[in-house]
Amino acid sequence: MASDSTITNPLCDLAISIQKNQALRYFIARYFLLHRVIFYAVILITLSPTTLLADETVEQPIQFTHKRHAAPVEEDGHAINCLYCHTYARRSAVAGIPPLAKCMGCHRYIATDKDEIKKLTRYWESGKTIPWKKVHDLPDFVYFTHERHIQRFVFQEGQPVQQVCGYCHGDVKTMTVADRKRPLTMGWCLSCHEQFEDPLVHAPSPAEDWKVVASDKGLMSAAQTEALQTTKRNPAPSDCWECHK
Ligand code: HEC
Ligand code: HEC
Ligand code: HEC
Ligand code: HEC
Ligand code: HEC
């Protein structure tokens, strides 16, 4: 039987030669350092604030810009009301993307020499619908409706349309491609609903999230924010079945 010391282990040999070889040690150290750098970079990118805010940009078939259409005239836009294009928001669960016929109402005459409008016209002439990609998409087990929110905030309380859309979508009129700006998680929905359940709550407390939303540049003045925080309100549901029916 051979004693332990006579057993040759190839790995052991390698380890010894590495110990002796400075250049090889340097190479290995560099190699593992690089791996570690990549490893942490991947973690950082995955957890970066933008990812946590769920800010997602998608590539759309036509370079439609909200800015050009919805921003005020002084900001180089055409001040078209959100509800002119997203007609259903006031009366149904979905806000809807406007049909091509609505775009052609203007673009039969406007900017017809531009490439993107030529593309638009080709869709129209071939009778195809534009395959817009969804930006916001709640899981199917969540019930959400635009109607109640828009009726309440816009038509009962008289808040400006863009401000109301902004609570949940950010300042869309400044966007070139519509982005998802809010987390749209259960906790986030509830942070607003719970505010509305307690008429005595004036402090930032749980509504922090959506008040930050309300203070987005150009959406709401400080006075408006203050007024909202102190107005007596109707309740918003926090019963499970209301959002999971
Ligand atoms: C001229 C018509 C038009 C006007 C005005 C308009 N939109 Fe849109 N909107 C579109 C089109 C087309 C899309 C689909 C392309 C895209 O997602 O960028 C869209 C997409 C969106 C989306 C993303 C939909 C999704 O897939 O989740 C939101 C949110 C939105 N609009 C909100 C608004 C708000 C808020 C306003 C007012 C500030 C507004 N829109 C004004 C035409 C319009
Ligand atoms: C109420 C009229 C109106 C409607 C409706 C409308 N647009 Fe426009 N659109 C405009 C105007 C005005 C411009 C700016 C034209 C310019 O800068 O020469 C514009 C610009 C654009 C541009 C940029 C063109 C470029 O390259 O500069 C695109 C793309 C566009 N619109 C797509 C759409 C789509 C898609 C729809 C339907 C969802 C739509 N528009 C509905 C009035 C309208
Ligand atoms: C209380 C929050 C809230 C408000 C206010 C709100 N939205 Fe939405 N919106 C959502 C959610 C959540 C979705 C995703 C719905 C889904 O996936 O079922 C959505 C989806 C959309 C879509 C994609 C198409 C659809 O209907 O699913 C458009 C377009 C849109 N919203 C436009 C608007 C406009 C325009 C306004 C203002 C008039 C507005 N929203 C106000 C929360 C809101
Ligand atoms: C900015 C505040 C705000 C946010 C954010 C918000 N809600 Fe609401 N929600 C309300 C208010 C206020 C009401 C009560 C409206 C009324 O009845 O006057 C309401 C009502 C509702 C209702 C009851 C509708 C009905 O038909 O009875 C549902 C369901 C609902 N919200 C789901 C959601 C979901 C899901 C989200 C998140 C994606 C959300 N809400 C985000 C303020 C908000
Ligand atoms: C104001 C609307 C609202 C109310 C009220 C609500 N939820 Fe939710 N819930 C949501 C939304 C929105 C999501 C989806 C979150 C996401 O996609 O990140 C969700 C997701 C969930 C999920 C899946 C969690 C996951 O990690 O995917 C469960 C389970 C759930 N809710 C249970 C409940 C229970 C139990 C109650 C009552 C105590 C309740 N919800 C009340 C809006 C609501």
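Draft legend 1. Layout of the overall build of the protein. Across its full length, the protein holds 13 helices and zero strands. When its helices and strands are written in sequence order, the protein yields α-α-α-α-α-α-α-α-α-α-α-α-α. Expressed as a percentage of the 245 residues in the protein, the buried residues total 13%. For the protein, the share of sequence-separated contacts (at least 6 apart) that also reach a separation of at least 24 residues comes to 61%.

Draft legend 2. Just the site of ligand 4, in detail. Close contacts around ligand 4 come from 20 residues, with Arg 152, Tyr 167, Cys 189, Cys 192 and Ala 236 the closest. Elements supplying a minimum of two residues to the shell around ligand 4: helix H8 (146-156), helix H9 (161-169), helix H10 (186-197) and helix H13 (240-243). Here the shell around ligand 4 takes four residues from H10, the largest share from any one element.

Draft legend 3. Structural view of the site of ligand 2. Lining the immediate environment of ligand 2, one finds 20 residues, of which Cys 103, Cys 106, Ala 111, Lys 114 and Glu 116 sit closest. Only helix H4 (66-70), helix H6 (100-107) and helix H7 (115-125) provide two or more residues apiece to the shell around ligand 2. Sorting elements by how many residues they give to the shell around ligand 2 places H6 first, with five residues. Along the lines of polarity and charge, the residues of the shell around ligand 2 split into 11 nonpolar, five polar and four charged.

Draft legend 4. View of the nonpolar core. In this structure, Ala 70, Ala 71, Cys 82, Ala 89, Ala 95, Ile 150, Val 164, Cys 165 and Tyr 167 together form the largest nonpolar core, which totals nine residues. Tallying contributions element by element places H9 first for this core, with three residues.

Draft legend 5. Main features of the environment of Pro 99. Within the fold, Pro 99 resides in the loop between helix H5 (82-85) and H6. Judged by the 12 C-beta atoms lying within 10 Å of it, Pro 99 is exposed. Put simply, Pro 99 and Thr 129 are 30 residues apart on the chain and 7.8 Å apart in space, counted from C-alpha to C-alpha.

Draft legend 6. Up close: H9. Within H9, seven of the nine residues are buried, leaving the element largely enclosed by the surrounding structure. Listing the buried residues of H9 in full gives Gln 162, Gln 163, Val 164, Cys 165, Gly 166, Tyr 167 and His 169.

Draft legend 7. View of the packing of H6 against H7. Running from N to C, H6 and H7 point in directions that differ by 130 degrees, and their axes come no closer than 11 Å. One element, H6, and the other, H7, form an angle in the oblique class. The way H6 lies across H7 gives a crossing that is left-handed. Between H6 and H7, the residues in contact are Leu 100, Cys 103, Met 104 and His 107 and Ile 117, Leu 120, Tyr 123 and Trp 124, respectively. Of the residues that constitute the contact of H6 with H7, the class distribution is seven nonpolar, one polar and no charged.

Draft legend 8. Spotlight on the environment of Cys 243. Tracing the backbone shows Cys 243 in helix H13. Overall, the presence of 18 C-beta atoms within 10 Å leaves Cys 243 in the partly exposed class. Each C-alpha atom, one on Cys 243 and one on Met 186, is 9.2 Å from the other, the two residues being 57 residues apart in sequence. With near-sequence residues (within four places) excluded, Cys 243 lies in contact with Val 142, Tyr 143 and Cys 189.

So, how was this worked out
- Residues numbered from 1 in each chain as written.
- Chains lettered and ligands numbered in written order.
- Predicted model: local features only at pLDDT ≥ 70, side-chain atom pairs only at ≥ 80, totals over all residues.
- Helix = DSSP H or I, 4+ residues; strand = E, 2+ residues; numbered from the N terminus.
- Buried ≥ 20, exposed ≤ 12 C-beta atoms within 10 Å, placed from the backbone.
- Contact = placed C-beta atoms within 7 Å.
- Near = placed C-beta within 6 Å.
- Nonpolar A, V, L, I, M, F, W, Y, C, P; charged D, E, K, R; others polar.
- Core = buried A, V, L, I, M, F, W, Y, C linked by C-beta atoms within 7 Å.
- Axes fitted to C-alpha atoms, helices over the stretch in contact; angles between N-to-C directions.
- Parallel < 35°, antiparallel > 145°, perpendicular 65-115°, else oblique.
- Left-handed = near helix turned anticlockwise from the far one by under 90°.

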